[in-house]
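Residue-level listing of the chains:
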Amino acid sequence: MKKLAKLSKGLYVALCFAFFYIPIFVTMLFSFNSSKSLTKFTGFSLKWYIELIENSEIMSAVWVSVSVAVLATAISTVLGTITAIGLSKNRKLIREWITNINNIPIMNPEIVTAIGLMLLFSAMKIEKGYLTMLLAHISFCTPYVITSVYPKVRSLDPSIANAAMDLGATPWQALTKVVVPMIKPGIIAGVLLAFTMSFDDFVISYFVSGNGVMNISIIVYNMTKRTNPTINALSTIVILVIFIAVLVVNIIPLLKRKRAVANEKSN
Amino acid sequence: MNTLIELKNITKTFDDQQVLKGINLKIYENEFLTLLGPSGCGKTTTLRIIAGFDESDSGELLFDGIEISKLPPYKREVNTVFQKYALFPHLNVEENISFGLKLKKTEKSVIEQKVKKMLALVGLSGFEKRDVTSLSGGQQQRVAIARALINEPKVLLLDEPLGALDARLRKEMQTELKKIQKEVGITFIYVTHDQEEALSMSDTVVVMNDGYIQQIGTPTDVYNEPENRFVASFIGESNIIEGKMVRDCLVEFDGFEFECVDKGFKENEEAEIVLRPEDIDIVKPENAKITGTVESVVFKGVHYEIMVKTDLRSYMIHTTDFFDVGLEVGLSFGPEDIHVMWKMV
């Protein structure tokens, strides 16, 4: 009986992982296929990677995705952090109202946000392209930053900034040397969320972009209409980058802890 | 002694509530001054105005004779020890203490030396690299004091710094703070609601209530010669009786005239009389003007707290002698035990 229970438990986990990872594995495998087929593996080759690098359309989409994600993350992080700090100094009623209003874009279906932004840009006669995509990404990333930074700011001792200024720090120094380092975990969480949301986004980007400006999601969507293993090659690279990022994010705290322990011992 | 800080007619209103209603106060060099009062009396606001965290609505704030009301906190020569310490958790002990000096771009070797000296002063030598969050409340308090004093301020402001410590540690830190103040020789302005703390540490006690200063004086002055009913009842326990000054050195209450030492009242002016419980002696009824019966006896450790009921009121008496409940007794006190105060309007 016990053996069976153990076996079924193992089987369950294995199935879960299989379900998650087989599609990824298949994608990766066929990126190395020598033929165009997505069902039959005919032999190892790197030709789809070469094609990917030589395809200027895809490369420019990669550039758009990365640069929009980086810029949108940076701008929305600054905006969101300032808002969260300012919000904590307000009276209770205003705080509650704004945090509630801030939740609406997060809960709102993306398609509604997308159409809304598209109509707004048309009404304001802003030409659709890179700028509109960037503005849209900033606008939907900022609420996530506020949501992740605000609780950290609220948990600060209200005397902390005063203490810094009391010791001779200007308001700017108090912010950069004391407040920001103390809410850093919230800011980092905000950065990760904003970057993922932006890099990942398809629906909003699709509606607000134009004039041939495409990010990865849009170009992949356009390419899936015909079989093209360069998508597999692109996906494999993205997966690899994410895998390395996750690895680094998990290893850094481990190393830090080890160093702290070593320090304590040497003291 | 030179005046270091002077507050002239300072007022402050928060959300339609007037917290300070005209504070006039002179603070001298090397003085240990305590702002004492119940919560909401305006003592912390007064401190925050001196530190620069709040700005007064009207009045003048002079530091060394110069008006500083508009000066931001980082330009004032005062440092503050906060109620909950407000240490920077992302920095270790050494980095916390050297925070102010690093902002001033002090040389590294000088900083190191001064940090060592400060840690020795507060009794935390060898704690340089410790994480502040791993320290006990008392140790964090010491780091907060070192972090403030390292900047060599002319005035150290302390906002109920011992509030979060347990009774035993409080006593220890009280002695320590007094010692540190003597050693560094600067002015300490200390805010507390604990009258015992105020009396045992201060050179000057400023009793505040309801946005006004009630009395300024040495601890003995404030205890022995309270100026009004509030001060008398807030500091120590007391019997407060209404009566009148017949003339200088003669007061009348409870239907009898008593000799006293107070002067300066109008003839037959209404006044309030304070009799401290420990100043009243219980004697035989025939030896005293005021007589009554023992109503209750409570043992308090060193003394008994005895309530004696007379025709007009109950008196509280602290004595080391025991008396039976129901006993007829007389109450006796000398002229110097009677403290006559202005009647509060």
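To be clear, the structure that these remarks concern was listed above.
Enquirer: Account for the packing of helix α3 (residues 56-88) of chain A against helix α11 (residues 216-223) of chain A, naming residues and giving values.
Expert: All names here are of chain A. Contact geometry of α3 with α11 gives a least axis separation of 8 Å together with a crossing angle of 145 degrees. On α11, the residues that touch Glu-57, Ile-58, Ala-61, Val-62 and Ser-65 of α3 are Ile-216, Ile-219 and Met-223. Split into classes, the residues belonging to the contact of α3 with α11 amount to 6 nonpolar, 1 polar and 1 charged.

Enquirer: Help me get a handle on the interface of chain B and chain A, residues and values and all.
Expert: Residue-level contacts link 22 residues of chain B with 20 residues of chain A. Taken together, both faces of the contact between chain B and chain A bury some 1,700 Å²; the carbon and sulfur share is 67%. Of all residues in chain B, the largest losses of buried area upon contact with chain A belong to B:Tyr74, B:His90 and B:Leu103, amounting jointly to 34% of the total for that side. At the junction of chain B with chain A, the criterion picks out 0 salt bridges. Counting the contacts that link chain B with chain A gives 4 residue pairs in polar contact (both at pLDDT 80 or more). Contributions of two or more residues to the side of chain B that touches chain A are made by β6 (78-81), α3 (99-103) and α5 (137-149) of chain B. Residue composition of the side of chain B that touches chain A, by class: 12 nonpolar, 5 polar and 5 charged.

Enquirer: Please give an account of the sheet that holds strand β1 (residues 3-14) of chain B that cites residues and values.
Expert: Residue and element names in this part refer to chain B. Sheet architecture is open: 4 strands sit in the order β2-β1-β4-β5, paired in antiparallel fashion. Of all the strands in the sheet, the pair left with one neighbour each is β2 (17-28) and β5 (66-67). Taken together, the 9 bridges between β1 and β2 define a ladder with antiparallel strand orientation. Along β2, the bridge assignment pairs Lys-12 with Leu-20. Across the face of the sheet, helix α1 (residues 43-51) comes into contact with β1, β2 and β4 (58-63) while running at roughly 120 degrees to β1.

Enquirer: Go over the packing of aromatic side chains with me, naming the residues and quoting the values.
Expert: As enumerated under the stated definition, the model contains 20 aromatic pairs over all chains in all. Judged by centre distance (6.2 Å) and plane angle (80 degrees), the rings of A:Tyr206 and A:Phe207 are edge-to-face. Both rings, one in B:Phe253 and one in B:Phe333, keep their centres 6.2 Å apart while their planes meet at 20 degrees; by these two values the pair is stacked. Of this pair, B:Phe253 sits in strand β12 (residues 250-253) while B:Phe333 sits in the loop between β19 (328-332) and β20 (339-342); the two residues are 80 residues apart in sequence, bridging distant segments of the chain. According to the relative accessible area criterion, B:Phe253 is buried, its value standing at 1%.

Enquirer: Please give an account of the nonpolar core that cites residues and values.
Expert: If you look at soluble globular proteins, the nonpolar side chains tend to sit buried side by side. Counting 61 residues, the largest nonpolar core has B:Ile5, B:Leu7, B:Phe88, B:Phe99 and B:Ile189 as its most contacted members. If you tally residues by element for this core, the top one is helix α6 (residues 130-154) of chain A, at 7 residues. Apart from residues lying up to four places away in sequence, B:Ile189 is in contact with B:Ile5, B:Ile27, B:Leu33, B:Leu35, B:Leu47, B:Ile50, B:Val155, B:Leu156, B:Leu157 and B:Leu158. Among the nonpolar cores identified, the runner-up in size contains 35 residues, and B:Met118, B:Ile150, B:Ile186 and B:Phe188 belong to it.

Enquirer: Break down the sheet that holds strand β3 (residues 32-36) of chain B for me, with residues and values.
Expert: All names here are of chain B. With respect to topology, 6 strands assemble into an open sheet ordered β6-β7-β8-β3-β9-β10, the strand pairing being mixed. Because the sheet does not close on itself, it has two edges, and the strands there are β6 and β10 (212-217). This sheet shows a mean twist of 20 degrees between the axes of neighbouring strands, independent of strand direction. Where β3 meets strand β8 (residues 187-192), 5 bridges bridge the pair, whose relative direction is parallel. Bridge assignment links Leu-36 to a residue of β8, and that residue is Thr-192. Across the sheet, helix α6 (residues 167-184) touches β3, β7 (155-159) and β8, and the angle it forms with β8 is around 160 degrees.

Enquirer: Give me the lowdown on unusual backbone geometry, citing residues and values where you can.
Expert: All names here are of chain B. In this model, Asp-15 sits at a positive phi of 45 degrees, which is unusual for a non-glycine residue. The phi dihedral of Tyr-85 falls on the positive side, at around 70 degrees, and the residue is not glycine. With respect to the element layout, Tyr-85 can be found in the loop between β6 and α2 (93-97).

Enquirer: Tell me about the environment of B:Ala167, residues and numbers included.
Expert: As for its placement among the helices and strands, B:Ala167 is situated in helix α6. In sequence terms B:Ala167 and B:Ala51 are 116 residues apart; their C-alpha atoms lie 28 Å from each other.

Enquirer: An account of the environment of B:Val191 is requested, with residue identities and associated values reported.
Expert: All names here are of chain B. The topology assignment puts Val-191 in strand β8. A C-alpha to C-alpha distance of 18 Å links Val-191 and Glu-172, two positions 19 residues apart in sequence. Not counting chain neighbours up to four residues away, the residues in contact with Val-191 comprise Leu-35, Lys-43, Thr-44, Leu-47, Leu-158, Asp-159, Glu-160 and Pro-161.

Enquirer: Talk me through the packing of α6(A) against helix α9 (residues 184-200) of chain A; I want residue IDs and the actual numbers.
Expert: All names here are of chain A. At a minimum axis distance of 8 Å, the contact between α6 and α9 shows a crossing angle of 155 degrees. With respect to their mutual orientation, α6 and α9 come out roughly antiparallel. Crossing handedness for the pair α6 and α9: right-handed. Touching His-137, Phe-140, Cys-141, Tyr-144, Val-145, Ser-148, Val-149 and Lys-152 of α6 are Pro-185, Gly-186, Ile-187, Ala-189, Gly-190, Leu-193, Ala-194, Met-197 and Ser-198, all from α9. Here the contact of α6 with α9 is built from residues that sort into 11 nonpolar, 5 polar and 1 charged.

Enquirer: Lay out the environment of A:Val13 in plain terms, naming residues and giving numbers.
Expert: If you trace the backbone, A:Val13 turns up in helix α1 (residues 2-31). C-alpha separation for the pair A:Val13 and A:Asn90, spaced 77 residues apart in sequence, amounts to 49 Å.

Enquirer: Any details on the pairing of strand β11 (residues 239-247) of chain B? Residues and values, ideally.
Expert: Residues and elements named next belong to chain B. Two strands pair when backbone bridges link them, and β11 and strand β14 (residues 269-275) are joined in this way by 7 bridges, in the antiparallel orientation. Looking across to β14, one finds that Ile-241 is bridged to Ile-273. With 3 bridges joining them, β11 and β12 adopt antiparallel strand pairing. Bridge pairing in β12 links Arg-247 to Leu-250. Hairpin geometry of β11 and β12 is characterised by an intervening segment of 2 residues between the two adjacent antiparallel strands and by a positive phi of about 65 degrees at Cys-249.

Enquirer: So what about the pattern of salt bridges? Which residues, and what values?
Expert: Residue and element names in this part refer to chain B. This structure, assessed with the given rule, holds 18 salt bridges over all chains. Of the charged contacts in the structure, one is a salt bridge between Glu-94 and Lys-129, with a shortest N-O distance of 2.7 Å. Here the residue Glu-94 occupies a position in helix α2, and Lys-129 occupies one in the loop between α4 (108-121) and α5, the gap between them amounting to 35 residues. For Arg-170, the salt bridge identified is with Asp-194, shortest N-O distance 3.4 Å. Of this pair, Arg-170 sits in helix α6 while Asp-194 sits in the loop between β8 and α7 (195-201), and the two are 24 residues apart along the sequence. Judged by its relative accessible area of 16%, Arg-170 is buried. Connected through shared salt-bridge partners, Arg-142, Glu-172 and Glu-176 make up one network.

Enquirer: A description of α9(A) should follow, citing residues and the corresponding values.
Expert: One turn of an α-helix holds 3.6 residues; hence residues three or four places apart share an orientation. Residues and elements named next belong to chain A. Along its 17 residues, α9 runs 24 Å from first to last C-alpha, staying within 8% of the 24 Å computed at 1.5 Å per residue. Among the residues of α9, those classed as buried are Gly-186, Ile-187, Gly-190, Ala-194 and Ser-198. Buried residues of α9 fall within an arc of 95 degrees about the axis and therefore sit on the same side. The elements touched by buried residues of α9 are α3, α6 and α8 (171-182).

What counts, and at which threshold
- Residues numbered from 1 in each chain as written.
- Chains lettered and ligands numbered in written order.
- Predicted model: local features only at pLDDT ≥ 70, side-chain atom pairs only at ≥ 80, totals over all residues.
- Heavy atoms only, no water.
- Axes fitted to C-alpha atoms, helices over the stretch in contact; angles between N-to-C directions.
- Helix = DSSP H or I, 4+ residues; strand = E, 2+ residues; numbered from the N terminus.
- Contact = heavy atoms within 4.5 Å.
- Nonpolar A, V, L, I, M, F, W, Y, C, P; charged D, E, K, R; others polar.
- Buried area = accessible area lost by both parts, 1.4 Å probe.
- Salt bridge = Lys/Arg side-chain N within 4 Å of Asp/Glu carboxyl O.
- Polar contact = N/O pair within 3.5 Å; in protein donor to acceptor, adjacent residues only side chain to side chain.
- Pairing = 2+ DSSP bridges.
- Phe/Tyr/Trp six-rings, centres within 6.5 Å; stacked < 30°, edge-to-face > 60°.
- Buried < 20%, exposed > 50% of the residue type's maximum accessible area, 1.4 Å probe, protein only.
- Core = buried A, V, L, I, M, F, W, Y, C linked by side-chain atoms within 4.5 Å.
- Parallel < 35°, antiparallel > 145°, perpendicular 65-115°, else oblique.
- Left-handed = near helix turned anticlockwise from the far one by under 90°.
- Expected span 1.5 Å × (residues − 1).
- Arc of directions from axis to C-beta.

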